[in-house]
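# Tertiary structure, described
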Amino acid sequence: MSDLPYYLFPALLVIIPLVLHVRAKRQASVRHLAVLKEAQEAGLIEPPSLHPVVDLSICMGSGACVKNCPEQALGIINGKGVLINPTHCIGHGACAPACPVGAIKLVFGTERRGMEIPQVSPDFETNIPGIFIAGELGGMGLIRNATRQGAQAVKALAGRKTTSQADLDLVIIGAGPAGIAASLAAKEAGLRYVTLEQEDSLGGTTYHYPRNKLVMTAPMNLPLVGEIKVREVSKEELMDIWTSVLDKAKPNIRFSERMEEITPTGDTFMVRSSQASYTTKNILLAIGRRGTPRKLGAQGEEQPKVVYRLIEASQYQGKKVLVVGGGDSALEAALDISEVAGTEVILSYRGKAFDRVKPKNRMRLAQALDEGKIEQRLESTVQEIKPHAVVLNTNEGVLERPNDAVIVCAGGELPTPMLKKMGVQVDTHYGA
Ligand SMILES: Cc1cc2nc3c(=O)[nH]c(=O)nc-3n(C[C@H](O)[C@H](O)[C@H](O)COP(=O)(O)OP(=O)(O)OC[C@H]3O[C@@H](n4cnc5c(N)ncnc54)[C@H](O)[C@@H]3O)c2cc1C
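Counting restarts for each chain, with residues numbered from 1 along the sequence as it is written. Predicted model: local features are reported for residues with pLDDT of at least 70 only, side-chain atom pairs are reported and counted for 80 or more only, and whole-chain, interface and lining totals are derived from all residues.

## Concerning helix α7 (residues 328-338)
To keep things clear, this is the line we draw: Partly exposed residues are those whose C-beta has more than 12 but fewer than 20 other C-beta atoms within 10 Å; with 20 or more the residue is buried, with 12 or fewer it is exposed, and the C-beta atoms are placed from the backbone. A run of DSSP states H or I qualifies as a helix once it reaches four residues; a run of E qualifies as a strand once it reaches two. Both are numbered from the N-terminal end. Throughout, a pair of residues is in contact if the C-beta atoms placed from their backbones lie within 7 Å.
Within α7, nine of the 11 residues are buried, which leaves the element mostly enclosed by the surrounding structure. Looking only at α7, the buried set comprises D328, A330, L331, E332, A333, A334, L335, I337 and S338. If you follow the buried residues of α7, they end up packed against β19 (320-324), β20 (344-349), α8 (359-370), β21 (374-378) and β25 (405-408).

Okay, structure coming up:
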């Protein structure tokens, strides 16, 4: 009798899992390639902050980086690690230590697009004495890093024995994680300070995370509050934490007040905001890197019904909404709102076509237009925003439409030109 069955069974025990493994890897490779192509077609190829560069001569495609990337920014294509979703990378940096062969290094900027990072001392002071920078603006993202830097910067400046004629010891700009921790540290140190936040809530970038986003962080030590033991929380739970910090410690944060200009006046500074002017000995810029949303300059834009980001589509139920802009965020806002019951959505864009958006959004828009869910107004601009209407200049003339809310997604003014104007030294990093 042949020995074949005797050998076949153990051989199959090895071959079947191997075949399944190879097939799964091949399928993952195809999936990751599709994600990469979609990002490339939409022009979303530049990572915003610290990001991985894979040395392909060392990478052996273990997939450890993929498993450890909470944002699904990495993939394995043809057996090698690739940053397939560059704009999703937020600089966790968890991929580098996870790589078993050390093939990943973390860098700022790329060959194509440099990343500008201000020079700061170990005390977070810039080349301009009295101006400090903490958090993501200084190049180091993530919630825990930002809170740590905000508190450390304030401790460093509070330790200096200085006198000045200024009204305040410190103006903190921004109430994201860095600004929150800095405000608490300023209160703890007994400084005369104020924090200015252009939005109506604290949290900074975290306030704009998608609903239910899983936030990966690490325990943080906040002045006056103590240790916050978090590792994985939802966006909503994180916002509850920030709110309880505000209720408990009551830092002096002025919301909906935007810093417009900083001017040196001798050895102090004048900070002009949208509401007031302050003289101060020190300034801490905790403004992140997202910038300030660009305004339309239309009459009536200052009304509270005008916002610059979509937070929650469901809040527009039954409302007449104008969305302005031609990028993915405008399209996604218009599409998400159009799916909420009873909404009427107008999408206004000054360009002739939505030519720089993800193909998926273009397809979703075509379908929404077919179904009459969105009124598209290309080559239009907003002339006036009235309390219950909007006036658009269109290629069919001036149109007035009833309106309850306006969402402007017209990009942002980045903070680095402002830093350079103030004389802060900024280095450009090209991924080296
Ligand atoms: C989609 C996404 C997911 C992320 N997920 C995670 C995660 O899971 N874990 C993690 O650790 N990190 C995550 N991050 C990164 C993290 O959110 C940021 O690194 C962190 O918020 C940076 O904090 P910050 O205080 O430096 O700046 P920001 O949070 O950006 O806050 C800056 C604040 O300054 C205000 N400001 C700006 N200009 C002015 C002005 N002129 N006047 C007044 N106020 C002004 C802004 O309104 C804002 O509130 C994520 C980022 C993104 C985009």
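Let us keep going from here.
## Comments concerning the packing of helix α4 (residues 143-158) against helix α5 (residues 177-188)
We count it as follows: Angles run from 0 to 180 degrees between N-to-C directions of axes, and those axes are lines fitted to C-alpha atoms, restricted for helices to the stretch in contact. The hand of a helix crossing depends on one turn: near helix anticlockwise from the far one by less than a right angle means left-handed, and clockwise means right-handed. All amino acids are sorted into three groups, where Ala, Val, Leu, Ile, Met, Phe, Trp, Tyr, Cys and Pro are nonpolar, Asp, Glu, Lys and Arg are charged, and the leftover types, Gly among them, are polar.
For the pair α4 and α5, the least separation of the axes is 7 Å and the interaxial angle reads 35°. You can see that α4 and α5 cross each other, and the crossing is right-handed. Every residue of α5 that contacts α4 at I143, A146, T147, Q149, G150, A151, A153, V154 and K155 is listed here: P177, A178, G179, I180, A181, A182, A185 and A186. Class assignment of the residues belonging to the contact of α4 with α5 gives a composition of 12 nonpolar, four polar and one charged.

## A closer look at the sheet that holds β19
As a reminder of what qualifies: DSSP-based pairing: two strands are paired if at least 2 bridges between them are found.
With parallel pairing, five strands are arranged side by side in an open sheet as β18-β25-β19-β20-β21. Each end of this open sheet is capped by a strand with a single partner; those strands are β18 (306-307) and β21. As paired strands, β20 and β21 are joined by five bridges and run parallel to one another. Following the sheet pairing, S348 is matched in β21 by R377.

## Examining the pairing of strand β22 (residues 381-386)
Where β22 meets strand β23 (residues 389-394), five bridges bridge the pair, whose relative direction is antiparallel. What sits directly across from E384, in β23, is V391. Remark: two residues form the turn of the hairpin made by β22 and β23, two consecutive strands paired antiparallel.

## Regarding the packing of α7 against α8
Let me state the cut-off plainly: Roughly parallel covers angles under 35 degrees, roughly antiparallel covers those over 145, roughly perpendicular covers 65 to 115, and oblique covers all other angles.
Two elements in contact, α7 and α8, have axes separated by 10 Å at closest approach and are oriented at 40°. Of the possible angle classes, the one that applies to α7 and α8 is oblique. Between α7 and α8 lies a crossing whose hand is left-handed. Taken together, the residues of α8 that come into contact with α7 (itself represented by D328, L331, E332, L335 and S338) are N361, R364, L365 and A368. For the contact of α7 with α8, the residue count by class is four nonpolar, two polar and three charged.

## Concerning the nonpolar core
Put simply, the rule reads: By definition, a nonpolar core groups buried Ala, Val, Leu, Ile, Met, Phe, Trp, Tyr and Cys residues that connect through C-beta atoms lying within 7 Å of each other.
F132, A134, V171, A182, I283, L284 and L285 are the most contacted members of the largest nonpolar core, which has 49 residues in total. Among residues more than four places away in sequence, those in contact with A134 are F124, A146, Q149, G150, A153, A178, A182, L284 and A286. Counting 31 residues, the second largest nonpolar core, distinct from the first, contains V323, V324, A333 and I407.

## Notes on unusual backbone geometry
The backbone of N78 sits at a positive phi, close to 50°, despite the residue not being glycine. Among the secondary structure elements, N78 is positioned in the loop between β2 (74-77) and β3 (80-83). With phi around 70°, F124 is a residue other than glycine that occupies positive phi space. Relative to the assigned elements, F124 resides in the loop between β5 (115-118) and β6 (131-133).

## Focus on the sheet that holds strand β24 (residues 397-402)
Ordered by their spatial adjacency, three strands build an open sheet running β22-β23-β24, and the pairing between neighbours is antiparallel. Two strands in the sheet have a free side with no partner beyond their single neighbour: β22 and β24. Recorded for the sheet is a direction-independent mean angle of 20° between the axes of neighbouring strands. Pairing analysis gives six bridges linking β23 to β24, with the strands arranged antiparallel. Note that in β24 the partner of A389 across the bridge is P402.

## Describing the domain arrangement of the chain
Definition in use: Either an automatic procedure or a domain database provided the assignment from which the domain bounds are taken.
When cut into domains, the chain gives domain 1 (25-107), domain 2 (116-291 + 415-429) and domain 3 (306-412). A separation of 34 Å is found between the C-alpha centroids of domain 1 and domain 3. Residue-level contacts link four residues of domain 1 with four residues of domain 3. Residues of the side of domain 1 that touches domain 3, tallied by class, amount to one nonpolar, one polar and two charged.

## Notes on the site of the ligand
Rule in force here: Each residue gets a C-beta atom placed from its backbone. If that atom is within 6 Å of a molecule or strand, the residue is near it.
The immediate surroundings of the ligand are formed by 33 residues, with G135, G174, G176, G204 and G288 found nearest. Secondary structure elements with two or more residues in the shell around the ligand: α4, α5 and β9 (214-216). For the shell around the ligand, a count of residues per class yields 15 nonpolar, 12 polar and six charged.

## Some details on the environment of E188
Among the secondary structure elements, E188 is positioned in helix α5. Separated by 11 residues in the primary sequence, E188 and P177 place their C-alpha atoms 17 Å from one another. Sequence-distant contacts of E188, that is, excluding residues within four places in its chain, are made with P223 and L224.

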